[in-house]
Amino acid sequence: MQGVGFVIARPIVQGLASGAAVGLVAVGLVLVYKSSRVFNFAAGEFVTLGAFGTYLADFWLPFGLAVIVGIATGAIAGLLTERLVVRPLSSRPKVTILVATVAIAFAIIPIEIIRSSKTQAFPARPIVHGNAFQIFRVFVSWQQLIIVLALVVVGAGLAYFFNRTDLGLATLASSQEPTATRLMGIRLNRISMLVWGMAGALGGLAGVLLPPLNLNFFAGFGTTDVLIAAFTAAVLGGMTSVPGAFVGGVLLGIVQAGALANVNSNKFPGAPSVAVLAVLVIVLVVRPTGLLGKEA
Amino acid sequence: MATALEPEAASPEVHVVPTKARAGFRPTPAGWAARSLAVALPGLIVVWYVHHYAPVRADFLAGGVIIAIGALSLNVLVGYTGQISLGHQAFIGIGAFTSAYFIGESGQSFYVGMIAAIVVGAVQAVVLGLIALRVRGLYFALVTLAWGFVGEQSIFQLKSFTGGGAGAHATRPGGFTTDRMFLVFCAIVLTLILLVDWRLVATKAGRALQAIRENPQVAANYGINVKGYTLFSFAVAGVYAGLAGALFASRRDTVSATDLSFYLVALPYLLVTVVGGLRRRGGIVVFAMLFVLGGEYLPDLAKSLHIKFIQENAGNIIQSLSGVLAVLTLIFQPDGVGTITAPIGRWLKGERFSMHVSAGGGAEGVSVRP
């Protein structure tokens, strides 16, 4: 017998780690939504590009630099998306921008598939190999620990940025009162670039951290595996709340890991995706403001 | 300029009063002859080409027709109802697997499978429509995205229903078993759907949907049954998708979950709808065919030019380019590339040739009688 502790602790440990990575993407979605009221469906590809950036840079550079390259790849993708697609469409309906971000993902994925025509899946390298410690007979790997630490560090950094710096205040102001903010001499375009760059960097970071949990990654995994979970996490947290997105990501990760562990996948395949749909519909119908959101 | 996705988009088209030039103009017999020739000549070339190079080409053309039907289903949701769907692999796939289940497992005829696909497709669409009554706009897009992945990762993997990874078998309808005859069958279905769609937007239901798309509250005040018509439009989209699914399953004899992924179905169909032009049936059908033919002929072209890279990756290159094309369309030609061909369409209908986009009063879009 593995014991009750094992049965409960294993999904929590696994869900905490993968959910923390999803939470990073969800924060990127929330930042973009707060600043420009746009649902960014290209966010999944920021994740994949981050993973690819690290994988390719690892051939040439020391691994530490490759990680930075991965994060930078995501950030550059975010900046290009803002500059080339979102800004020309900024006066259009939000649904148009949504479709445009979907189209971006659709333009990027085939390029990744071409790159991966010989090997379907790419091996992903953890930052630190091996297990850190054991709790209720569940091994906790260094990678899982690092992901949760990354979430804490990013959360603290964002809290400092929004509460203590002028630029953070300007970002918050531009999301609440764009016109007044502009009259105060703050350039909204730059704030928008900053937010998209941050969202891209968060996606890239998730792309560096998440694949080693599954040992490998494949073309388009950000869109097919991460994107809907990140959106659901953001909605669960309230869509406009950065802490809410963190909490939503972790909660959703645990729900998904629990569904995966406790449902027989032969009789009932795809339980995690059903869990995501259930959480999404329940939150949207019962409590559209989410856990920590102030508006619908 | 109004965007196709924008609710207000249709309003300039509604208030079009026939101008003097338009009302008084009648083409001369020579003009009619030129117009007939303009229709007949490309048609003959297509028929000759298919006749000569079938059956491989016919199979691909059938694939294009199926994409067109799926995109028309999306057009009902995105174009007429104003609800975006990112989970059309579930819409198409449920139809495909239902049809395959009745044909392959129960040994029924194709037509039984097709009717079952229509019914089940409509039912799942109406269930989503019930959610759409509560959740609108961007958030509903998320629900459809999640629904698509439930289909892909859960429903399509059920061994008893879809045969798991091995896929399910479905035969073609009797008398239409060759590739060429199956293309004819697909074309018949497409023609029927185009007729139904045309009558749908030209009648009371179309006007009701347009009013709901622009403003549900105002529509309700005018006595339009908002809930009823929203669910009705979802049912229509489900019927189209069910038909597309039944044809999808029969085209290749087997259908498996990997054929019906987000990437291979939901994304291309949405982009075909957007690039072809929302509420422009002709544009959608034409772009669906171009999308398929591009993937089919690019390898030949690359081979003759000795570009090995393009030859090997033609399908992916076409997909990537259509993503870029979709972004460019949204930025520079918001009503879809159909607006470029709209003057030709109006000319063929017997009007004077004019490049004005709005002059025709929605030659293919939502046409409302004054």
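Bear in mind the structure is a predicted one, so any value in this text is a computation, not a measurement.

## Looking at the pattern of salt bridges
All names here are of chain B.
Then comes step 1: Tallied over the full model, the rule gives four salt bridges over all chains.
Then comes step 2: For Asp59, the salt bridge is made with Arg251, and the minimal N-O distance between the two is 3.3 Å. Of this pair, Asp59 sits in helix α4 (residues 56–81) while Arg251 sits in helix α12 (residues 226–251); the two residues are 192 residues apart in sequence, bridging distant segments of the chain. With respect to class, Asp59 is no different from Arg251; both count as buried.
Then comes step 3: A salt bridge links Arg281 to Asp197; the shortest N-O distance between them is 2.8 Å. With Arg281 in helix α14 (residues 281–305) and Asp197 in helix α9 (residues 179–202), this pair connects stretches of sequence that are 84 residues apart. In this pair, the class of Arg281 matches that of Asp197, namely buried.

## A word on empty space enclosed by the protein
Residues and elements named next belong to chain A.
Then comes step 1: Applying the stated criterion across every chain, the model contains four cavities of 30 Å³ or more.
Then comes step 2: Empty space within the largest cavity amounts to approximately 50 Å³.
Then comes step 3: If you go around the largest cavity, the residues you meet are Leu31, Lys34, Ser35, Phe162, Thr171, Leu172, Ser175 and Val195.
Then comes step 4: At the level of secondary structure, the elements contributing two or more residues to the lining of the largest cavity comprise α1 (4–36) and α6 (166–176).
Then comes step 5: In the lining of the largest cavity, the residues fall into four nonpolar, three polar and one charged.
Then comes step 6: Considering only enclosed or pocket space, the second largest cavity measures out at about 40 Å³ in volume.
Then comes step 7: Looking at the second largest cavity, the residues that line it are Val25, Gly28, Leu29, Asn40, Ala43, Phe46, Ala199, Leu202 and Gly203.
Then comes step 8: At the level of secondary structure, the elements contributing two or more residues to the lining of the second largest cavity comprise α1, α2 (43–57) and α8 (188–209).
Then comes step 9: Within the lining of the second largest cavity, the residues separate by chemical class into six nonpolar, three polar and no charged.

## Topic: unusual backbone geometry
Then comes step 1: Residues other than glycine seldom take positive phi values, yet Arg37 of chain A does so here, at roughly 55°.
Then comes step 2: Relative to the assigned elements, Arg37 of chain A resides in the loop between α1 and α2.
Then comes step 3: Looking at Arg37 of chain A, the relative accessible area reads 27%, which means it is partly exposed.
Then comes step 4: Phi angles above zero are rare outside glycine, and Asp253 of chain B is one such case at about 70°.
Then comes step 5: For Asp253 of chain B, the position within the fold is in the loop between α12 and β2 (254–255).

## Quick look at the nonpolar core
Most often, soluble globular proteins keep nonpolar side chains buried together rather than apart.
Then comes step 1: Counting 190 residues, the largest nonpolar core has Phe39 and Phe41 of chain A as its most contacted members.
Then comes step 2: If you tally residues by element for this core, the top one is α4 of chain B, at 15 residues.
Then comes step 3: Apart from the residues within four sequence positions on either side, Phe41 of chain A is in contact with Leu98, Thr101, Val102, Ala105, Leu227 and Phe231 of chain A together with Leu86, Leu142 and Leu145 of chain B.
Then comes step 4: Counting residues in hydrophobic clusters, the runner-up holds five residues, among them Ala57, Phe63, Val67 and Val208 of chain A.

What counts, and where the lines are drawn
Residue positions are given per chain, counted from 1 along the sequence in the order it is written. To label them, take the chains in the order written and letter them from A, then take the ligands in the order written and number them from 1. It should be noted that, the model being predicted, local features are given only for residues of pLDDT at least 70 and side-chain atom pairs only at 80 or more, the latter also being counted only at that level, while totals for whole chains, interfaces and linings use all residues. The side-chain quantities take in all heavy atoms of the structure and omit both hydrogens and water. Any carboxyl oxygen of Asp or Glu within 4 Å of a side-chain nitrogen of Lys or Arg constitutes a salt bridge here. In this description a helix means any DSSP run of H or I spanning at least four residues, a strand means any run of E spanning at least two, and both kinds are numbered starting from the N terminus. In this scheme, a residue with accessible area under 20% of its type's maximum is buried, one over 50% is exposed, and one in between is partly exposed, where area comes from a 1.4 Å probe on protein chains only. Method remark: on a 1 Å grid restricted to protein atoms, a set of points is classed as a cavity if a 1.4 Å probe fits but cannot get out and as a pocket if it is open with protein on both sides within 12 Å along at least five of seven lines; lining residues have an atom within 4 Å of a point. Grid points are joined across faces, edges and corners, and a volume is the space filled by probe spheres set on the points. For this classification, the nonpolar set comprises Ala, Val, Leu, Ile, Met, Phe, Trp, Tyr, Cys and Pro, the charged set comprises Asp, Glu, Lys and Arg, and every other residue, Gly included, is treated as polar. By nonpolar core is meant a set of buried Ala, Val, Leu, Ile, Met, Phe, Trp, Tyr and Cys residues that side-chain atoms within 4.5 Å join together. By definition, residues are in contact when any of their heavy atoms lie within 4.5 Å.

Keep in mind these values describe shape, not function.
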